[in-house]
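# Examination of the molecular architecture
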Amino acid sequence: MVFSFNFRLAAISSLQVWSIDLENSTCSFVETFGKHPRARGGQSTTLIDSKLFMFGGEDRKRNLLNDLYTLDLSTTMWEEIETKNASPAPRFDHSAAVYADQYILIFGDSSHSICFKDLHLLDLRTMEWSRPQTQGAYVTPRGGHASTIVEDNWYIVGGGDNISGATETIALNISKLVWSITTSVGKRDPLASEGLSLCSAMLDGEKVIIAFGVYNGKYNNEVFVLKIKPKEPTLPRLLQSRAAAAGAASVTAAYAIITGTDEENVDLRKTVGQDIKSNHIENSQKLSAIDSVTLKAENKVLESRIMEIRHENLRLQTKIDEMDIVHTELLKAQISQIQKSQESCSSLKHEFDVLRHQKSQVAQEMVVAQKQKSGGVWQ
């Protein structure tokens, strides 16, 4: 049975869940309970055992979301999940995958203006989000892509940013956290578009990835198949050097001769034994020399890096000292300006007091003059 999410922006305010019975090709509405999520589109869903994990999306008011809900398919009960650490930024049209039934990976997204290429990981045992550091090929930002996991590799196809489609099919080796570019297509190729669906399958005994349906100005109904290159066996580190390989070949040949029962080979066995010891010593010396050269080279790189860090620290300290000097001079100038203002205010106050005193004296003199001039009513 297949479950799907459906919502009508103008009709409902929560998600509707529908089931499709693949045996009789019937579709039916599933009544759910618990704390229902808001209606949304562009969310991601991943299935672990009987639980669907739903993350993010965009609601009918175009608000971006980064909440996490689970739907238990055995009880049809919704539950909002509380997580630890910083959650991924609100987003829609991202991709999600489950690894080892323990981790949920979130990659890329679209916002209303830009796309991103960040990778987030949720540990389902502790419910903690983290931002793992990755290596390898440069990955372009994208949203609206599709993804599927094959063994340890997470393949991501299609999507794009607000300028063009993503032409590279990329893969993340989850156990090593290393990005690689699997293949590339043209800019106008249907696979460099959004809205495709992706799955992995076995075809004629080979592992393949199947893609269907995209939109790049027009809808496409072609089926695309990508053959996955089989893994090459990884040789032990010791056998990857020529000296070690030669030593191993010598030991193998000697062992085949020594285990023989022919008495005539006794002297030959002694000679071979001496050669083995000689080769072993020579190979050990070569390996030691290689390790010594490697360590010296690594030490030089580290010393160079340390010197760069010291120079950078010295540059930053110099800049800090210069800023301190500038700030000190500015502070002194401000203090001097304030002092001058205070002195000016004191001078103005003194002048005001003198003028007021003069005014008082003039007023008194005018009163005295008027009294001397007046002769009374009969005058």
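Everything numeric here is computed off the predicted structure, so don't read it as measured data.

As a further point, take the packing of aromatic side chains. By the definition in use, this model includes six aromatic pairs. Arranged with centres 6.4 Å apart and planes meeting at 80 degrees, the rings of F107 and W154 form a pair that is edge-to-face. A residue pair is termed long-range when its members are at least 10 positions apart, and F107 in strand β10 (residues 103–110) and W154 in strand β15 (residues 153–157) qualify at 47 residues. Each member of the pair, F107 as well as W154, carries the same accessibility label: buried. Between F107 and W179 the ring centres are 5.2 Å apart and the planes differ by 50 degrees, which places this aromatic pair in the tilted class. On the criterion of sequence distance, the pair formed by F107 in strand β10 and W179 in strand β17 (residues 178–184) is long-range, its members being 72 residues apart. Of the two residues, F107 and W179, neither departs from the other in class, the shared state being buried.

Turning our attention to the nonpolar core. In this structure, L105, F107, L119, W154 and W179 are the most contacted members of the largest nonpolar core, which totals 13 residues. Elements with a minimum of two residues in this core: β9 (95–99), β10, β15 and β16 (168–173). When sequence neighbours within four positions are dropped, the list of residues in contact with L105 reads S95, A96, A97, Y99, L119, H120, W154, L172 and I174.

Cut-offs and rules
Residues numbered from 1 in each chain as written. Predicted model: local features only at pLDDT ≥ 70, side-chain atom pairs only at ≥ 80, totals over all residues. Heavy atoms only, no water. Phe/Tyr/Trp six-rings, centres within 6.5 Å; stacked < 30°, edge-to-face > 60°. Helix = DSSP H or I, 4+ residues; strand = E, 2+ residues; numbered from the N terminus. Buried < 20%, exposed > 50% of the residue type's maximum accessible area, 1.4 Å probe, protein only. Core = buried A, V, L, I, M, F, W, Y, C linked by side-chain atoms within 4.5 Å. Contact = heavy atoms within 4.5 Å.

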